Amino acid sequence: MKKECVAMLLAGGQGSRLYVLTGDMAKPAVPFGGKFRIIDFPLSNCTNSGIDTVGVLTQYRPLELNSYIGNGQPWELDRMDGGVHILPPYQSATGATWYKGTANAIYQNIGFVDMYDPEYVAVLSGDHIYKMDYSDMLRRHKDSGAACTISVMEVPWSEASRFGIMNVDGEDNITEFAEKPKEPKSNLASMGIYIFTWQKLRQYLIDDEADPNSQNDFGKNIIPKMLQSGEKMVAYRFDGYWKDVGTLDSLWDANMDMLLPGSGLNLLDKKWPIYGRTPVCPPTFVGPRADVGNSAVAKGCTINGEVKTSVLSTETYVGQGAAVTYSVVMPGAVIEDGAQVSYAIIGEKCRIGRGAVVGAPPENTADPEQWGITVLGPGTVVKPGEKVAPKTMLDKSHNEEVEA
Amino acid sequence: MKGMHGIIFSYEKPTGLRELTDHRVHGSVPFAGDYRVVDFMLSNMVNAGVTDVGVIMHGKCQSMLDHLGTGKSWDLSRKNGGLTLLPAFAYAERRESVGQFRGKMEALGCVKEYLEHIRQDHVVLGDSDLVINIPLQDVLRDHLASGADLTAVCTAQLGDSADTYFKLDETGRIIDTVRDIHTPEGYRCLNIFILSKELLLHLVEDCVAHNQYSLRGGVLQRLGDQLHIRAWIWEGYAARIDTIQAYFERSMELLRPEIRTQLFCPERPIFGKENDAPSSYVDPDGQCVNTLMADGCDIRGSVKNCVLFRGVQIEPGASVENCILCKGTVVKKNAIVRNVITDKYVTIRENGTLMGHATYPLVIARGAEV
């Protein structure tokens, strides 16, 4: 049946800058905020915005993501007509190709979008933490009669050169787009969230595919091309919380933001709920000698030690005398008695042995260059008494990975 | 077909649950932070491979209907079989009954047509107010191996004198069934029974014909000599939630790890209704010890020895000890609360003091502001 707007969620990236965390899974499947995974945010935004047809474009290590999304029921995307669809690259009579770029991923699924014959298509990223009402953005898109609406937010001028910057006129029509400009003319950064009028985008995708020099990327090719061709493109200003969690530091930051009043990311916000698939487990037990403060705790945990300014995901265990501070602990991890974990991201089902020390506070490290967040990939076992230095990244075979 | 069909009894009956059953039947009383009591029996059945469950309800069943819905949370929303809700709509016209079912056989008699259409060759009957995590597939296996007509689950742990007790012979056969005895002895009946569909239909017909409405009186006692009735002795945890005192003590017991490991074992998970609450948050000044805490709580005061359901808010300066706070309870600033059970969406006002006693906890009805 015809839909007004279909969302296409780009979830195929490896997330190589999350290093050991994405060794076995795509970035959008990485756990976030105790109960969620990153992809819960865009999916829940769709549900809350009334978009009931979502294509999820997957490519890198899709098993975890596919099984997590399943039939889409947690997001109410198990619909008779529409719902969530996983769209991996496929083979066709003329051959098989991987998704060459973000635009190519949509190009290869023109047939999927056409099936719903939508007026508009929202192109979303699977690795952003934010709560946005796409229906409001869509209203702006329709009212302005644009071919493309790009959601933007003001960033500090000092950081503007790290983003794709939109220069706009007095009516927020986009006049110029500059990818990571050295001397930014504006501080409106693209958030990588687009709404297109489908028939326009469809043609640009076909033309882009025919161009052998194109990298088939939205930011690098499609958007500049549309601007060049004089299409009406408008900016949609967003002033809520938004973070690209593509790096370990930003992933850690976003988790910590959830604990920080006034950060804009309110954990207990009831107005714009984030849905997720949660495992079946009993409530959390906080033991008689536990000391929990400024922390988010999901269900199924057992806490017998100290947990300060940290995020504990479902079914994690903190033993007696253990201390977890300024850390993100992902589902099923076990921190045994007396272990110390600070400024760390502990992957799913890791086991930190008795008395082990993982990470350290910055004030305990002499050389600031040597300090950083310590990260353990899923399934890593740290032996009792072992020390894992700050800024170290370990995977489950204890191979150390170094930040490039 | 082979396998078991589940029947859960969830009709209104007199209990000592006071305010907690003002709006609901005892089976849908909230328990253990994230569940309704009925979730345990339902999960037991599902974990034993039961795919079809009928829930017989009568009386204040709105809350139970809401809770069970299509049965999706227990994976019982199926094209064939699945969960069937059996409210006693046609009941009033039947016989001389008034208001409540007087016993299990009467309840079964009212859904006889449903029973006739059961696909499986065996049926397990269970109560909705029993907190237990039991491998029912083992009970069925032993039932089949023993060649018994009826197997009744019981425990050596004695309870009230009002409970039903079995006397067994050395082979495990039940030779006498008694209740209201001065000093409880023998094995306490846990009201879980397994029998063939065929026998069940026969017994229902026979009991209706003889004006027998209770399973104890009409079957266990009356036909005890004619049927081969065996006991299956359960050595694990079982708790019936039928009085406020039992509710309070059983809830507080959950703070002991050895009780929780018996109730929440990974090989037989207890399924509750899924929810979208975020993680709970404990503030820098919040304190939370020896407490069972569901999702979505916001702890800014002090909490000790409590069971907190979803979305409980404890404001700064408030102090809560030995309490059971149901979903959405708000304890405002500087309130002091001890030995209190609050039903859903209760608000305790600023600077208020509410004290119950461990042997007589205070119960606050749903939605009250005190």
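All of these numbers come straight from a predicted model, not from anything done at the bench.

1. Section: the overall build of chain A
When helices and strands are counted, chain A shows eight helices and 34 strands. Relative to the 2.2 N^0.38 estimate, which gives 22 Å for 404 residues, the radius of gyration of chain A is 22 Å and therefore close to what a compact globule would have. Overall size of chain A, expressed as C-alpha extent along the three principal axes, is 65 × 50 × 45 Å. Burial statistics for chain A: of 404 residues in total, 58% are counted as buried. Pairs at least 24 residues apart make up 58% of the contacts formed inside chain A by residues separated by at least 6 positions.

2. So, the overall build of chain B
Secondary structure summary: chain B contains nine helices and 28 strands in total. Against the globule reference of 21 Å for 370 residues, chain B gives a C-alpha radius of gyration of 21 Å, in line with a compact fold. Across the 370 residues that make up chain B, the buried fraction comes to 60%. Counted over contacts in chain B with a minimum sequence separation of 6, partners at least 24 positions apart contribute 57%.

3. Let's talk about the nonpolar core
Judged by nonpolar contacts, the single largest core of 75 residues is most densely connected at Val-54, Leu-251 and Ile-345 of chain A. In terms of residues, this core owes the most to one element, helix H8 (residues 248-257) of chain A, which gives five residues. Setting aside residues no more than four positions away along its own chain, Val-54 of chain A makes contact with Ala-7, Leu-9, Leu-43, Cys-46, Leu-77, Gly-83, Val-84, His-85 and Phe-112 of chain A. Of all hydrophobic cores here, the second largest spans 48 residues; its members include Val-329, Ala-333 and Ala-344 of chain A together with Ala-318 of chain B.

4. Re helix H6 (residues 197-209) of chain B
All names here are of chain B. Across its 13 residues, H6 extends 18 Å between first and last C-alpha, which sits within 8% of the 18 Å expected from 1.5 Å per residue. Buried within H6 are the following residues: Lys-197, Leu-199, Leu-200, Leu-201, Leu-203, Val-204, Asp-206 and Cys-207. Contacts from the buried residues of H6 go to helix H3 (104-110), helix H4 (112-116), strand S6 (122-127), strand S11 (187-196) and helix H7 (215-221). Looking one or two places after H6, you find Asn-211, whose phi comes out positive at around 55°.

5. Some points on the sheet that holds strand S16 (residues 284-286) of chain A
In space, the eleven strands of this open sheet follow the order S31(A)-S28(A)-S25(A)-S22(A)-S19(A)-S16(A)-S16(B)-S19(B)-S22(B)-S25(B)-S28(B), with mixed pairing throughout. In the strand order of this sheet, the two ends are held by strand S31 (381-382) of chain A together with strand S28 (362-364) of chain B, each with one partner. Across three bridges, the pairing between S16 of chain A and strand S16 (residues 291-293) of chain B is antiparallel. The residue of S16 of chain B that forms the bridge with Phe-285 of chain A is Leu-292 of chain B.

6. Observations regarding unusual backbone geometry
Of note in this structure, Tyr-343 of chain A is not a glycine but carries a positive phi near 45°. The topology assignment puts Tyr-343 of chain A in the loop between strand S26 (340-342) and strand S27 (344-346). Residue Tyr-343 of chain A is classed as buried on the basis of its relative accessible area of 12%. Phi at Asn-305 of chain B is positive, roughly 50°, even though this residue is not glycine. Here Asn-305 of chain B shows up in the loop between strand S18 (302-304) and strand S19 (307-308).

7. So, the interface of chain A and chain B
Chain A puts 33 residues into the contact, and the matching count from chain B is 35 residues. Between chain A and chain B, roughly 2600 Å² of surface is buried when both sides are summed, and carbon and sulfur atoms account for 55% of that area. Broken down residue by residue, the surface that chain A buries against chain B is led by Leu-268, Pro-283 and Phe-285 of chain A, which jointly contribute 23%. For the pair chain A and chain B, the number of links is three salt bridges. Where Asp-295 of chain B meets Lys-35 of chain A, a salt bridge forms, and the shortest distance between an N and an O atom there is 3.0 Å. Our count for the chain A to chain B interface comes out at 14 residue pairs in polar contact (both at pLDDT 80 or more). Secondary structure elements with two or more residues in the side of chain A that touches chain B: S16, strand S17 (291-293) and strand S18 (295-297) of chain A. Taken together, the residues of the side of chain A that touches chain B break down into 19 nonpolar, ten polar and four charged.

8. Considerations on the pattern of salt bridges
Applying the stated criterion to the full structure yields 50 salt bridges over all chains. A salt bridge links Lys-60 of chain B to Glu-12 of chain B; the nearest nitrogen and oxygen atoms lie 4.0 Å apart. You can see Lys-60 of chain B sitting in the loop between strand S4 (52-58) and helix H2 (62-68) and its partner Glu-12 of chain B sitting in the loop between strand S1 (4-11) and strand S2 (30-31), a full 48 residues away along the chain. Among the salt bridges present, the one from Asp-298 of chain B reaches Arg-300 of chain B, with a minimum N-O distance of 2.9 Å. The exposure class of Arg-300 of chain B is partly exposed, given its relative accessible area of 30%. In this structure, a network of salt bridges that share partners links the residues Lys-3, Asp-52, Arg-79 and Asp-81 of chain A.

9. Description of the environment of Leu-124 of chain A
Residue and element names in this part refer to chain A. Considering the arrangement of structural elements, one finds Leu-124 in strand S8 (residues 120-125). A relative accessible area of 1% places Leu-124 in the buried class. In sequence terms Leu-124 and Met-8 are 116 residues apart; their C-alpha atoms lie 6.1 Å from each other.

10. As for the confidence of the model for chain B
Chain-level pLDDT for chain B is 94 on average; 97% of the residues reach the 70-or-more range. Of the two predicted TM-score estimates for the complex, the pTM is 0.93 and the ipTM is 0.91.

11. Focus: the packing of helix H6 (residues 198-210) of chain A against helix H7 (residues 218-228) of chain A
Residues and elements named next belong to chain A. For the pair H6 and H7, interaxial distance at closest approach is 11 Å and the crossing angle is 120°. When the axes of H6 and H7 are compared, the crossing they make is right-handed. Counted together, Leu-201, Tyr-204, Leu-205 and Asp-208 of H6 and Phe-218, Asn-221, Ile-222, Lys-225 and Met-226 of H7 form the full contact between these two elements. When the residues that make up the contact of H6 with H7 are grouped by side-chain class, the tally is six nonpolar, one polar and two charged.

12. Describing the sheet that holds strand S24 (residues 336-338) of chain B
All names here are of chain B. Pairing is parallel in the open sheet, where five strands are placed in the order S15-S18-S21-S24-S27. Bordering the open sheet on either side are strand S15 (287-289) and strand S27 (353-355), each of which pairs with just one other strand. Sheet twist, expressed as the mean angle between neighbouring strand axes with direction ignored, is 5°. Bridge analysis of strand S21 (residues 319-321) against S24 gives three bridges, and the strand direction is parallel. Looking at the pairing, Glu-321 lines up with Arg-338 of S24.

13. What about the packing of aromatic side chains?
For the coordinates displayed, the defined rule picks out 19 aromatic pairs over all chains. Centre to centre, the rings of Phe-31 of chain B and Phe-40 of chain B are 6.1 Å apart; their planes meet at 70°, and the pair counts as edge-to-face. Accessibility assignment for this pair places Phe-31 of chain B and Phe-40 of chain B in one class, buried. Their ring planes at 50° and their centres at 6.2 Å tell us that Phe-40 of chain B and Phe-264 of chain B sit as a pair that is tilted. Linking Phe-40 of chain B in helix H1 (residues 38-47) with Phe-264 of chain B in the loop between helix H9 (257-263) and strand S14 (280-282), this pair joins segments that are 224 residues apart in sequence. Assigned by exposure class, Phe-40 of chain B and Phe-264 of chain B land together as buried. A network of ring pairs unites the aromatic residues Phe-31, Tyr-35, Phe-40, Tyr-247 and Phe-264 of chain B as a single cluster. Lying over the aromatic face of Tyr-68 of chain A, Arg-37 of chain A brings its terminal NZ or CZ to 5.1 Å of the ring centre.

About the criteria used
- Residues numbered from 1 in each chain as written.
- Chains lettered and ligands numbered in written order.
- Predicted model: local features only at pLDDT ≥ 70, side-chain atom pairs only at ≥ 80, totals over all residues.
- Heavy atoms only, no water.
- Helix = DSSP H or I, 4+ residues; strand = E, 2+ residues; numbered from the N terminus.
- Rg over C-alpha atoms; globule rule 2.2 N^0.38 Å.
- Buried < 20%, exposed > 50% of the residue type's maximum accessible area, 1.4 Å probe, protein only.
- Contact = heavy atoms within 4.5 Å.
- Core = buried A, V, L, I, M, F, W, Y, C linked by side-chain atoms within 4.5 Å.
- Expected span 1.5 Å × (residues − 1).
- Pairing = 2+ DSSP bridges.
- Buried area = accessible area lost by both parts, 1.4 Å probe.
- Salt bridge = Lys/Arg side-chain N within 4 Å of Asp/Glu carboxyl O.
- Polar contact = N/O pair within 3.5 Å; in protein donor to acceptor, adjacent residues only side chain to side chain.
- Nonpolar A, V, L, I, M, F, W, Y, C, P; charged D, E, K, R; others polar.
- pLDDT = per-residue confidence, 0-100.
- Axes fitted to C-alpha atoms, helices over the stretch in contact; angles between N-to-C directions.
- Left-handed = near helix turned anticlockwise from the far one by under 90°.
- Phe/Tyr/Trp six-rings, centres within 6.5 Å; stacked < 30°, edge-to-face > 60°.
- Lys NZ or Arg CZ within 6 Å of the ring centre and 35° of its normal.

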